[in-house]
Amino acid sequence: MSDAELSKSSPVLAVDAGQSSTRVRCESGPWGPGWIVTSSGVRTALPLAQQFATVMQDVVTTHPEVAESECTVAIGSSGARDDEDPLPVLQALKPFGVSRVLLAHDSITSYLGALGDQLGVVTASGTGVITLAVGRHNVARVDGWGYIIGDAGSAFWLGRHGLDAVMRAHDGRGELTLLSDTIGNDFDDIEAAYLELHADPLMVSRIARYSAKVTAAAEAGDHVSRDICMRAARELVHSTVTGLRQAKLTDADCPAVGLLGGVMKSQLIHTAIVEEISVTMPGARIVELLGEGLALGAAADLLFADPRRGHPVAGFGQDHHRAFQPLGPVHRQQSDGLRIGPAGGAHATLLHGAHKRIGREVAAPVVLQRCRQQRPQVGLHGLALGGGRGGGKAG
């Protein structure tokens, strides 16, 4: 069966895996009307394979037909490393009817889903935050370094600063704040809150949920909460503009700016970001998003089907083919259905994107990898079908 035929015939589940929750979407098709299943978020410090198996268990419990489907699962995941191997994920998901896995970091899927083939930058601020900028010849990642050493302006960042404000108000170091009631009342003993939080295995997502209380208090006029929100906005602007500059985009390029994620739903924060970007880089365009979370199939078609379009990612596709072609045949099929051979994986994935339009929830089938310092910026590296370096690496 050709790649195109395989892409058309195989049912597809698109997975948006964040730290607070994971959404699995199936479009209308062989299984009837479309649906979405929401499951637990990923813990980025732990291996991904078993976590996705838990997600698929939730899926087949609700939709048992999936277990007999030999479907494709396309995943955009927080915490997916540049050298993430999709083979363990495939093995873990096979008992649930999965025959193919596409795996990418969610910064890639977010970018393609939001902007498609436009040059520009996407800042996605949910539980964590990451910025990805794509210029004519450069790609830059900013932040996304996790809640301990990064994620400035994320929901966790907001929640953590909200908790800090509560403790400062409690011991006299800070101003009185509405957060002492809205957040503080969640704890039987506020002075033992830190012990309770440290003992919670879902600490990160729990603290991130307090961001909603911070933004609500800010909208209600709480000075302390408003200051936290304004600082978050400045952090997100700094990351966004830094990404544009690192990607060598200027006002003359009129770069597109996509702002997505739960934090951006705060009108206060979103407005502050837009206003600051308009001052800092007047040529930048805040655009309406094509989609949120995962990439559109049409975007993959635009980016990769015709590299002559000149988009940097299409260029990387050419580089990927040239760089890895000597490692093995273009098409080679293993008995377990895992496609290997870099170019074969690339074509199967891109055809999948072109023919299976999943709207907001189609995972981008590529991973951009930072190249070594002596090489130009980034390249297209590996596919989650096992198509990278001839043996199962997803860049």
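Described below are features of the structure shown in this document. Predicted, not measured: the structure shown is a model, and the values here were computed from it. All residue numbers here refer to positions counted from 1 along the written sequence of the relevant chain. With the structure being a predicted model, the display of local features is reserved for residues of pLDDT at least 70 and the display and counting of side-chain atom pairs for 80 or more, all residues being used for whole-chain, interface and lining totals. With hydrogens and water stripped out, all remaining heavy atoms of the structure feed into the side-chain values.

### A closer look at the pattern of salt bridges
Inference 1: Note on definitions: salt bridges are taken to be side-chain nitrogens of Lys or Arg within 4 Å of carboxyl oxygens of Asp or Glu. Tallied over the full model, the rule gives 9 salt bridges.
Inference 2: With a shortest N-O distance of 3.5 Å, Arg 136 and Asp 253 are connected by a salt bridge. With Arg 136 in the loop between strand 7 (129-134) and strand 8 (139-142) and Asp 253 in the loop between helix 11 (223-246) and strand 9 (256-260), this residue pair connects regions lying 117 residues apart in the sequence.
Inference 3: We call a residue buried when its accessible area falls under 20% of the maximum for its residue type, exposed when it is over 50%, and partly exposed in between, using a 1.4 Å probe and counting protein chains only. Under the relative-accessibility criterion, Arg 136 is labelled partly exposed at 49%.
Inference 4: Through salt bridges with shared partners, a single network forms among Arg 160, Asp 164 and Arg 168. Elements are defined by DSSP. Helices are runs of H or I of four residues or more, strands are runs of E of two residues or more, and each kind is numbered from the N terminus.

### Section: a nonpolar patch on the surface
Inference 1: What makes a patch is a set of residues exposed beyond 30% relative accessible area and free of salt bridges, joined within 9 Å when like-charged and within 5 Å when nonpolar (Val, Leu, Ile, Met, Phe, Trp, Tyr). Accessible surface is estimated by sampling points in the Shrake-Rupley manner with a 1.4 Å probe; for residues, cover comes only from the protein chains shown. A cluster of nonpolar side chains, namely Trp 145, Tyr 147, Ile 148 and Ile 149, defines an oily patch on the protein surface of about 490 Å² accessible area.
Inference 2: In this structure, Ile 148 sits in helix 5 (residues 146-149).
Inference 3: Overall, Ile 148 belongs to the exposed group, its relative accessible area being 69%.

### Focus on the sheet that holds strand 1 (residues 12-17)
Inference 1: Spatial strand order, 3-2-1-4-5: 5 strands in an open sheet with mixed pairing. Each end of this open sheet is capped by a strand with a single partner; those strands are strand 3 (35-40) and strand 5 (98-105). If you compare each strand with its neighbour and ignore which way they point, the axes differ by 20 degrees on average.
Inference 2: Any pair of residues with heavy atoms lying within 4.5 Å of one another is described as a contacting pair. Fitted lines through C-alpha atoms give the axes, limited to the stretch in contact for helices. The angle between two N-to-C directions lies from 0 to 180 degrees. Those strands touched by helix 3 (residues 86-93) are strand 4 (71-77) and strand 5, and its axis lies near 140 degrees from that of strand 5.
Inference 3: Packed on one face of the sheet, helix 4 (residues 106-115) meets strand 1, strand 4 and strand 5 and runs near 85 degrees to strand 5. Strand pairing follows a simple DSSP-based rule, namely that at least 2 bridges must link the two strands.

### Section: helix 10 (residues 211-219)
Side chains three or four residues apart in an α-helix point the same way, a direct result of the helix having 3.6 residues per turn.
Inference 1: Taken together, the buried positions of helix 10 are occupied by Ser 211, Val 214, Thr 215, Ala 217 and Ala 218. End-on, the buried residues of helix 10 take up no more than an arc of 160 degrees, which puts them together on one face. Note that the arc is computed from the directions linking the helix axis to the C-beta atoms.

### Details of the pairing of strand 2 (residues 21-26)
Inference 1: Here strand 2 shows one buried face, formed by Thr 22, Val 24 and Cys 26, and one open face, formed by Ser 21, Arg 23 and Arg 25.
Inference 2: Bridge count between strand 1 and strand 2: 4 bridges; the pairing is antiparallel. Bridge pairing in strand 2 links Ala 14 to Arg 25.
Inference 3: In sequence, strand 1 turns back onto strand 2 through a hairpin of 3 residues.
Inference 4: Here strand 2 pairs with strand 3 via 6 bridges, running antiparallel. Bridged to Arg 23 within strand 3 is Thr 38.

### What about the sheet that holds strand 7?
Inference 1: As summarised here, the arrangement of the 5 strands in space is 8-7-6-9-10, forming an open sheet in which the pairing is mixed. Bordering the open sheet on either side are strand 8 and strand 10 (285-286), each of which pairs with just one other strand.
Inference 2: In the packing of helix 4 onto the sheet, the strands contacted are strand 6 (120-125), strand 7 and strand 9, and the crossing angle to strand 6 comes to about 120 degrees.
Inference 3: Here helix 12 (residues 267-280) sits on the sheet in contact with strand 9 and strand 10, set at roughly 165 degrees to strand 9.

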